Amino acid sequence: MACCAISGSIQAQYNSKVILLPFNFQCLNNSDSFCVMLWWPLQQALNVTGNGQAYRWDMKKLISWIKENLLQERPELFVQGDSVRPGILVLINESDWELLGELEYHLEENDCILFISTLHGG
Amino acid sequence: MPVTCTNDCNRRAKLKRPKTAEKLCLECFYQAFEDEIHRTIVNNKLFQPGESVAVGASGGKDSTVLAYVLKLLNERHNYGINLVLLSVDEGITGYRDDSLETVKRNQQQYQLPLKIVSYEELYGWTMDAIVQKIGMKNNCTFCGVFRRQALDRGAMLVKADKIVTGHNADDVAETVLMNVLRGDIARLRRCTAIMTGTEGALPRCKPFKYTYEKEIVMYAYFKKLDYFSTECVYSPNAYRGYARAYLKDLESIRPSSIVDIIHSGERMSIKKEVKMPEQGTCSKCGYISSQSICKACVMLESLNRGLPKLAIGKTHKAKVVTICSNAFQRIIYRFKIFHELERDEIKFV
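Remember, predicted model here, so these are calculated numbers, not experimental data. (Residues numbered from 1 in each chain as written. Chains lettered and ligands numbered in written order. Predicted model: local features only at pLDDT ≥ 70, side-chain atom pairs only at ≥ 80, totals over all residues. Heavy atoms only, no water.)

Before going further, it helps to examine the overall build of chain B. Along chain B, the regular secondary structure elements total 14 helices and ten strands. Counting over 349 residues, chain B shows a buried share of 47%. Counting every atom, chain B has about 17700 Å² of accessible surface; 53% of that belongs to carbon and sulfur. (Helix = DSSP H or I, 4+ residues; strand = E, 2+ residues; numbered from the N terminus. Buried < 20%, exposed > 50% of the residue type's maximum accessible area, 1.4 Å probe, protein only. Areas by Shrake-Rupley, 256 points an atom, 1.4 Å probe, with all protein chains shown as cover.)

A word on the overall build of chain A. The number of helices and strands found in chain A is four helices and seven strands. Scanning chain A from its N terminus toward the C terminus, one meets helices and strands in the order α-α-β-β-α-α-β-β-β-β-β. If you sum the accessible surface of chain A, you get close to 6000 Å²; carbon and sulfur atoms cover 47% of it.

Another point: the packing of aromatic side chains. Going through the model one piece at a time under the given rule, you end up with 15 aromatic pairs over all chains. Above the ring of Tyr30 of chain B, the side-chain terminus of Lys223 of chain B is found at 4.4 Å from the ring centroid. (Phe/Tyr/Trp six-rings, centres within 6.5 Å; stacked < 30°, edge-to-face > 60°. Lys NZ or Arg CZ within 6 Å of the ring centre and 35° of its normal.)

Within the element layout of this structure, Ser52 of chain B appears in strand β3 (residues 52–56). If near-sequence neighbours (up to four positions away) are discounted, Ser52 of chain B is found in contact with Asn82, Val84, Lys159, Ala160, Asp161 and Lys162 of chain B. (Contact = heavy atoms within 4.5 Å.)

Of the residues lining the interface, 25 residues belong to chain A; the matching set on chain B comes to 31 residues. With a shortest N-O distance of 2.8 Å, Glu98 of chain A and Lys214 of chain B are connected by a salt bridge. The interface formed by chain A and chain B includes six residue pairs in polar contact (both at pLDDT 80 or more). Among the secondary structure elements, those contributing two or more residues to the side of chain A that touches chain B are β5 (88–92), β6 (95–96) and β7 (112–117) of chain A. Grouping the constituent residues of the side of chain A that touches chain B by class yields eleven nonpolar, ten polar and four charged. (Salt bridge = Lys/Arg side-chain N within 4 Å of Asp/Glu carboxyl O. Polar contact = N/O pair within 3.5 Å; in protein donor to acceptor, adjacent residues only side chain to side chain. Nonpolar A, V, L, I, M, F, W, Y, C, P; charged D, E, K, R; others polar.)

Turning our attention to the sheet that holds strand β5 (residues 114–118) of chain B. Across a sheet, strands are paired by hydrogen bonds formed along the backbone, either parallel or antiparallel in direction. Residues and elements named next belong to chain B. Judged by pairing direction, the sheet is mixed, and its six strands sit side by side in the order β5-β4-β3-β6-β8-β7 without closing on themselves. Strands with a single pairing partner mark the edges of an open sheet, and in this sheet they are β5 and β7 (195–196). Relative to strand β4 (residues 82–89), β3 runs parallel, the two being bridged by five bridges. Following the sheet pairing, Val55 is matched in β4 by Leu85. Seen against the sheet, helix α3 (residues 96–110) touches β4 and β5 and runs at an angle of roughly 165° to β4. Helix α6 (residues 139–157) rests against β3, β4, β5, β6 (162–164) and β8 (204–205) of the sheet, and its axis sits at about 140° to β4. (Pairing = 2+ DSSP bridges. Axes fitted to C-alpha atoms, helices over the stretch in contact; angles between N-to-C directions.)

Residues and elements named next belong to chain B. With 14 residues, helix α7 (residues 169–182) ought to run about 20 Å at 1.5 Å a step, and its terminal C-alpha atoms sit 20 Å apart, in line with that. Of all 14 residues making up α7, ten are buried, and the element is well covered by its neighbours. Residues of α7 that are buried include every one of Ala169, Asp170, Asp171, Val172, Ala173, Glu174, Val176, Leu177, Met178 and Asn179, and no others. Sitting at the amino-terminal end of α7 is Asn168, which places a side-chain oxygen 3.1 Å from the backbone nitrogen of Asp170. Gly183, located one to two residues past α7, shows a positive phi value of around 65°. (Expected span 1.5 Å × (residues − 1).)

Attention shifts here to the confidence of the model for chain A. All names here are of chain A. Taken over all residues, the pLDDT of chain A has a mean of 60, while the share at 70 or more is 45%. A low-confidence stretch, residues 1–33 stays under pLDDT 50, and its non-local contacts, those more than four residues away or across chains, total 80 contacts. The low-confidence segment residues 37–50 (pLDDT under 50) makes 37 contacts with residues lying over four places distant or belonging to another chain. (pLDDT = per-residue confidence, 0-100.)

What follows deals with the side chain of Glu215 of chain B. As for its position among the elements, Glu215 of chain B is in helix α9 (residues 213–222). Residues in contact with Glu215 of chain B, not counting those within four places in the same chain, are Arg17, Pro18, Lys19, Phe29 and Phe33 of chain B.

So, on to the nonpolar core. In terms of nonpolar packing, the biggest core is built from 47 residues, with Phe47, Val65 and Tyr219 of chain B touching the most fellow members. Contributions of two or more residues to this core are made by β5 and β7 of chain A together with α1 (26–43), β3, α2 (61–77), β4, α3 and α9 of chain B. Not counting the four nearest positions on each side in its chain, Tyr219 of chain B is found in contact with Phe29, Tyr30, Phe33, Glu34, Val65, Tyr68, Val69, Leu72 and Leu225 of chain B. Ranked by size, the runner-up nonpolar core spans 31 residues in total, among them Ile163, Leu202, Cys297 and Leu303 of chain B. (Core = buried A, V, L, I, M, F, W, Y, C linked by side-chain atoms within 4.5 Å.)

Moving on, we get to the pairing of β7 of chain A. Residues and elements named next belong to chain A. Taking burial as the measure, the six residues of β7 include five buried ones, the bulk of the element. As judged from the five bridges shared by β5 and β7, these two strands associate in the antiparallel manner. Counted as the bridge partner of Val90 is Phe115 from β7.

Residue and element names in this part refer to chain A. Structurally, Ile88 is set in strand β5. The exposure class assigned to Ile88 is buried, which follows from its relative accessible area of 9%. Placed 29 residues apart in sequence, Ile88 and Ser117 show a C-alpha to C-alpha distance of 4.3 Å.

Time to look at the pattern of salt bridges. This structure, assessed with the given rule, holds 29 salt bridges over all chains. The structure contains a network of salt bridges with shared partners spanning Lys61, Asp62, Asp170, Glu174, Glu213, Arg244, Lys248 and Glu251 of chain B.

What follows covers the packing of α2 of chain B against α9 of chain B. Residues and elements named next belong to chain B. Look at α2 against α9: their axes get within 10 Å of each other, and the N-to-C directions meet at 70°. By the angle between their axes, α2 is roughly perpendicular relative to α9. For the pair α2 and α9, contact is made by Lys61, Asp62, Val65, Tyr68, Val69 and Leu72 and by Glu213, Ile216, Val217, Tyr219 and Ala220, respectively. Per-class residue counts for the contact of α2 with α9 are eight nonpolar, no polar and three charged. (Parallel < 35°, antiparallel > 145°, perpendicular 65-115°, else oblique.)

Let us now look at the packing of helix α5 (residues 127–134) of chain B against α6 of chain B. Residue and element names in this part refer to chain B. Interhelical geometry of α5 versus α6 gives an angle of 145° and a closest axis separation of 10 Å. For the element pair α5 and α6, the recorded crossing hand is right-handed. Touching Met127, Ile130, Val131 and Ile134 of α5 are Asn139, Phe142, Cys143 and Phe146, all from α6. Taken together, the residues of the contact of α5 with α6 sort by class into seven nonpolar, one polar and no charged. (Left-handed = near helix turned anticlockwise from the far one by under 90°.)

Structural data, given as structure tokens:
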């Protein structure tokens with residue numbers, strides 16, 4: 001799935017503001033899900049947006065950033081419109097993002113965002 | 001802004017149930033999830049005490065959660081059933097071999113007996129070998145037909161009375177959609193049944209018929225269950241993929257769509273006058289079949305004769321071709337006109 005392309009870019013992203021960690025729970029030891037750890041200070045977020053205004057990323061921005069910067073192939077498997085493709089579950093700090101405003105959720109420092117795709121095993 | 005659990009337990013809500021839109025904490029979610037499956041089992045009288053039940057275990061999320069929940073409920077509510085894990089090894093390198101490792105770990109974790117039956121021992125062909133023969137297209141047809149039978153045969157080997165599979169509400173709704181689109185009335189009627197094959201073959205049931213995929217994945221994630229989730233290395237069933245994407249789009253607009261579609265499927269009835277294909281048994285292997293020879297035997301024979309293309313597509317077409325080719329064969333032998341025919345045609349026969 002799309003996430004395969006992502007796990008391949010862990011090294012490349014290591015020095016940037018977002019670290020991608022392959023999810024390290026034993027149950028999800030493969031490309032099925034991936035975890036985005038956000039740890040940049042707000043100051044650095046300014047550099048990212050470059051507009052000089054204090055701006056915190058929301059999920060919409062994060063998803064489009066992932067699409068632009070991390071997905072190398074077949075982005076349609078991850079993104080649909082502004083949001084993730086239906087069927088991909090999103091957890092923000094171990095909570096369903098549907099409780100937190102989905103795309104409007106504003107990211108906090110040290111948030112852990114997890115995308116779980118609901119693939120068919122068979 | 002933390003949301004509190006709708007159940008007034010004062011704990012923090014962790015997820016929204018798609019079916020009811022309740023916001024639940026983990027404890028309340030586990031309880032609701034397990035109770036719902038328990039109610040499905042009891043209301044539909046899926047199990048009788050003393051029965052031996054084979055859990056179709058692929059190592060994927062659905063079957064892993066199924067094995068875990070059934071073991072839990074069996075102990076909690078004293079169903080008095082004996083659970084056995086049953087896996088089918090299709091012989092797909094890089095996919096099934098890895099997922100079987102997961103099943104073997106589950107066997108240890110849940111302390112359940114495990115039986116693995118392989119295509120190779122049942123049919124003499126692994127999927128890898130079949131794909132080599134027929135290419136990347138249409139191989140899911142072979143795999144699906146063989147797997148269905150393999151599960152039954154495996155279940156008989158372990159002397160199970162019943163097979164349970166991890167088909168969830170999303171799967172059932174997809175199948176309803178596909179059968180409507182294909183106009184397959186016979187399957188449409190069967191696909192919503194929670195238990196099938198009560199006459200003759202081993203009964204199969206789907207305790208997750210009303211359980212949303214989202215909840216299964218959440219349950220597996222929060223319980224940290226050990227499951228395997230890679231797509232099969234051979235191209236996935238394209239048609240189902242479209243039905244699935246459509247269903248997921250519907251779900252994102254209105255989460256109840258999934259149970260609504262299942263409900264519609266259940267409510268569709270067929271006039272008594274309509275002649276339905278009768279289910280008999282295969283004259284070759286004795287397995288349940290709507291034709292005189294079951295699909296698996298047709299496919300197997302075509303593989304062994306080196307004509308796998310024949311087995312795909314409508315059965316009557318295959319039959320017509322077989323009949324024609326037999327006639328050709330006789331003519332060829334009778335008039336000894338080998339030299340007048342193209343080599344290919346002879347091979348085709």
